[in-house]
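Read off the chains here:
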Amino acid sequence: MTVSAWTLALRAIVGREVLRFVQQRERFAAAVVRPLLWLIVFAAGFRMALGVSITPPYETYITYEVYIVPGLIAMIQLFHGMQSALSMIYDREMGSMRVLLVSPFPRWYLLCCRLVAATVISIVQVYVFLLIAFAFGYDLPAWGYVTLLPAAIVTGLMLGSLGLLLSLTVRQLENFAGIMNFVIFPMFFLSSALYPLWKMQESSVVLYQICSINPFTQAVELLRFALYGQLNEIALGWTLLVLVVALLLAIIGYSPSRGMLSRRAAARGE
Amino acid sequence: MSPEQTLSHMIGTPALAVEDLTFGYERDGFHLDRVAFTVAPGAFTVLLGPNGSGKTTLLLLLTRLLESRQGTIRVCGFDLRRTPARTLGRMGVVFQQPTLDLDLSVQQNLRYFAALHGLSGRRAEQRIADELERLGLAQRRRDKVRVLSGGSRRRLELARAMLHEPALLVLDEPTVGLDVPTRSHLVRHVHALAQETNTAVLWTTHLIDEIDPRDQVIVLNKGRIAASGRAAEIGAKEGGGSIAQAFQRLTVDPRPAEQVAS
């Protein structure tokens, strides 16, 4: 197979996911409205209750809305990562995954293509959100929109590969509520998305420790620093580590000898 | 006929060669036990077996959705385990479950698949036009798959499986859920296809009436091959003339009868 065949397959897989996403307008709307609600309603309410002091990367006192923007960007990517896990499970149940897997490309490559597709779509959502937030008067440093991009690629890939790994453990298509309760909410609330970790430390050391090791916290911090043109090396390191480990485990889990896609069918002896 | 197909025809390499294929564990009864058979280029071969005979396991192994530690699968001489890309590239598959994207158009579905098999640009468009024409779907090119009937969807899946001109076409109970006229139309169509394009076909079913007396038949029962040969020959040897009786006799489970006797 030539290089062009590989890029052709990548473009086709990303193209299919984008087409499917565009057709589900409600999903797109929900993905953008959700963080906007947090920003406009929730943050406005908490503005009085929470003051955020000067901590890096911020150079002045900031309002609470400014504080939670990176957390909301990460939330969009977290939701989309889980959403694409769900679509992997759906494809597996409905059989369209088989069409992908009988193509002559190795599985690890096909999984990576799906991961790239999920990341691309999550980044589109992030920028649409930032555009609307800008229209509402929440503006960021102009360069922040550019320096955010590489960070959003890394965090999108990391949260997407956690989604791939999760899609292995969920046996069949269930509703989104389970993932919501047991993955999204804990990851989101036990992180630095809504409150700085030093505040958390004041109330509970155990919770603080859990928050610190949560990969989602690392993603939020990477995005937060990137928005202000800075690189948080520790956050980048942890995010990359989680990305690599989750992706490797997912690739192992999806290998043909493990028969993840068909174990049940074979067990039924059909 | 592609040069490669001609060549394999001349030197006698089968389109599909399965040897010693075993899957499962002895303690819970093999799903497949030392299965071996070949399909010649251009031959229409029916894999016949009751539910639970191991047909689906065999199909999963052939399409590499599962891997077995024992036995080999070769397509046009290429080993599926050693050279999966080359082997899968020579195989077209129609799955039992519908696998089209309902909200995408006929054309979008086919382009996606073409790209996954390395066909792009004008070549892909040409192949898509040819296959749609052959299956009488040319007018539906821009329609969403959701508005197509069950029969048309199946034909579209067949068109899709033929886009990259495979040497071997594998169909897993392709007539499930289709009405009788659509079913017989599909059976006739795939027979014609095998002849016109010299594509070897492996068609799995549990329905006797889909078999033509001239077809090659492999009867699978409880993970083993119970009989193989031309339908008419198997009928003559095992069933007093009819493949239906032969199938009945070959796949009947003797145990319930014994239990009744005792």
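Residues numbered from 1 in each chain as written. Chains lettered and ligands numbered in written order. Predicted model: local features only at pLDDT ≥ 70, side-chain atom pairs only at ≥ 80, totals over all residues.

Attention now moves to the overall build of chain B. The helix and strand tally for chain B stands at ten helices and ten strands. Taking 2.2 N^0.38 as the reference for a compact globule, 262 residues should give roughly 18 Å; the C-alpha atoms of chain B span a radius of gyration of 19 Å, in line with that estimate. In terms of overall dimensions, chain B has a C-alpha envelope of 65 × 40 × 35 Å along the principal axes. With 262 residues in all, chain B has 47% of them scored as buried. Excluding contacts between residues fewer than 6 apart, the proportion of contacts in chain B whose partners are at least 24 apart in sequence is 66%. (Helix = DSSP H or I, 4+ residues; strand = E, 2+ residues; numbered from the N terminus. Rg over C-alpha atoms; globule rule 2.2 N^0.38 Å. Buried ≥ 20, exposed ≤ 12 C-beta atoms within 10 Å, placed from the backbone. Contact = placed C-beta atoms within 7 Å.)

Below, the discussion takes up the overall build of chain A. Across its full length, chain A carries twelve helices and zero strands. What you see in chain A, going N to C, is helices and strands ordered as α-α-α-α-α-α-α-α-α-α-α-α. Over its C-alpha trace chain A gives a radius of gyration of 19 Å, about what one expects of a compact globule, namely 18 Å for 270 residues. Dimensions along the principal axes, computed over C-alpha positions, put chain A at roughly 65 × 40 × 35 Å. Evaluated residue by residue, chain A yields a buried proportion of 42% over its 270 residues.

If you look at the biggest cluster of nonpolar residues, it comprises 146 residues, and the most contacted ones within it are Leu223(A), Leu168(B) and Val219(B). For Leu223(A), the contacting residues outside a window of four places in its chain are Pro70(A), Ile73(A), Ala74(A), Leu148(A), Ala151(A), Ala152(A) and Thr155(A). (Core = buried A, V, L, I, M, F, W, Y, C linked by C-beta atoms within 7 Å.)

Looking now at the packing of helix H2 (residues 25-46) of chain A against helix H3 (residues 64-94) of chain A. All names here are of chain A. Packing of H2 against H3 brings their axes to within 10 Å, and their N-to-C directions diverge by 155°. Taken together, the axes of H2 and H3 are roughly antiparallel relative to one another. Seen along the crossing, H2 lies across H3 with a hand that is right-handed. Of the residues in H3, those touching H2 at Ala31, Pro35, Trp38, Leu39, Ala43 and Phe46 are Tyr64, Glu65, Ile68, Leu72, Met75, Ile76, Phe79 and His80. (Axes fitted to C-alpha atoms, helices over the stretch in contact; angles between N-to-C directions. Parallel < 35°, antiparallel > 145°, perpendicular 65-115°, else oblique. Left-handed = near helix turned anticlockwise from the far one by under 90°.)

A few words on the confidence of the model for chain A. Residue and element names in this part refer to chain A. On average, residues of chain A score 86 in pLDDT, and 90% of them reach the 70 mark or higher. The lowest-confidence element of chain A is helix H12 (residues 263-267), averaging 45 in pLDDT; the highest-confidence one is helix H10 (residues 215-227), averaging 96. With pLDDT under 50 throughout, residues 262-270 is counted as low confidence; its partners more than four residues away or in other chains account for 16 contacts. (pLDDT = per-residue confidence, 0-100.)

Many descriptions give the size of an interface as the accessible area lost when the pieces come together. Residue and element names in this part refer to chain B. Structurally, chain B comprises domain 1 (3-90 + 169-261) and domain 2 (100-165). Here the C-alpha centre of domain 2 lies 26 Å away from the C-alpha centre of domain 1. Across the boundary between the two partners, domain 1 contributes seven residues, which contact seven residues of domain 2. The residue makeup of the side of domain 1 that touches domain 2, split by class, is four nonpolar, three polar and no charged. (Domains from an automatic or database assignment. Nonpolar A, V, L, I, M, F, W, Y, C, P; charged D, E, K, R; others polar.)

This next bit is on the sheet that holds strand E3 (residues 44-48) of chain B. All names here are of chain B. Taken in spatial order, the six strands make up an open sheet running E6-E7-E8-E3-E9-E10, and their pairing is mixed. Lying at the two open borders of the sheet, with one neighbouring strand each, are strand E6 (91-94) and strand E10 (224-230). On average, each strand axis in the sheet is tilted by 15° relative to the strand beside it, whichever way the strands run. As judged from the five bridges shared by E3 and strand E8 (residues 200-205), these two strands associate in the parallel manner. If you follow Val46 over to E8, its bridge partner there is Trp203. (Pairing = 2+ DSSP bridges.)

Here we come to helix H1 (residues 3-23) of chain A. Given a rise of 1.5 Å per residue, 21 residues ought to cover 30 Å, and the 30 Å separating the end C-alpha atoms of H1(A) matches this to within 8%. Residues Leu8(A), Ala9(A), Ala12(A), Ile13(A), Arg16(A) and Phe21(A) constitute the buried set of H1(A). Among the structural elements, H2 and helix H5 (107-135) of chain A together with helix H4 (106-116) of chain B are those in contact with the buried residues of H1(A). (Expected span 1.5 Å × (residues − 1).)

On the chain A side, the residues contacting the 30 residues of chain B number 29 residues. Secondary-structure elements contributing two or more residues to the side of chain B that touches chain A are helix H2 (55-62), helix H3 (84-89) and H4 of chain B. No other element matches H4(B), which puts five residues into the side of chain B that touches chain A.

All names here are of chain B. Judged by pairing direction, the sheet is antiparallel, and its four strands sit side by side in the order E2-E1-E4-E5 without closing on themselves. Each edge of the open sheet is held by one strand with a lone partner, namely strand E2 (32-39) and strand E5 (78-79). Across five bridges, strand E1 (residues 16-23) lies against E2 in antiparallel orientation. The residue of E2 that forms the bridge with Leu16 is Val39.

Moving on to the pairing of E8(B). All names here are of chain B. For E8, the buried fraction is high: six of the six residues fall into the buried class. Side-chain alternation along E8 places Ala200, Leu202 and Thr204 on one buried face and Val201, Trp203 and Thr205 on a second face that is also buried. Once the chain exits strand E7 (residues 168-172) it traverses helix H7 (residues 180-197) before rejoining the sheet at E8, and the crossover so formed is right-handed. (Right-handed = clockwise from strand over helix to strand, strands pointing away.)

Once that is clear, we can look at helix H5 (residues 121-134) of chain B. All names here are of chain B. Here H5 is 14 residues long and its end C-alpha atoms lie 20 Å apart, about the 20 Å a rise of 1.5 Å per residue gives. All of the buried residues in H5 are Ala124, Ile128, Glu131 and Leu132. Down the axis of H5, the buried set is contained in an arc of 100°. They therefore lie on one face. Residues of H5 that are exposed and point over 90 degrees away from its buried face: Arg122, Arg123, Gln126 and Glu133. Where H5 is buried, its residues contact H4 and helix H6 (150-162). After H5 finishes, the residue Gly136 shows a positive phi value of roughly 65°. (Arc of directions from axis to C-beta.)

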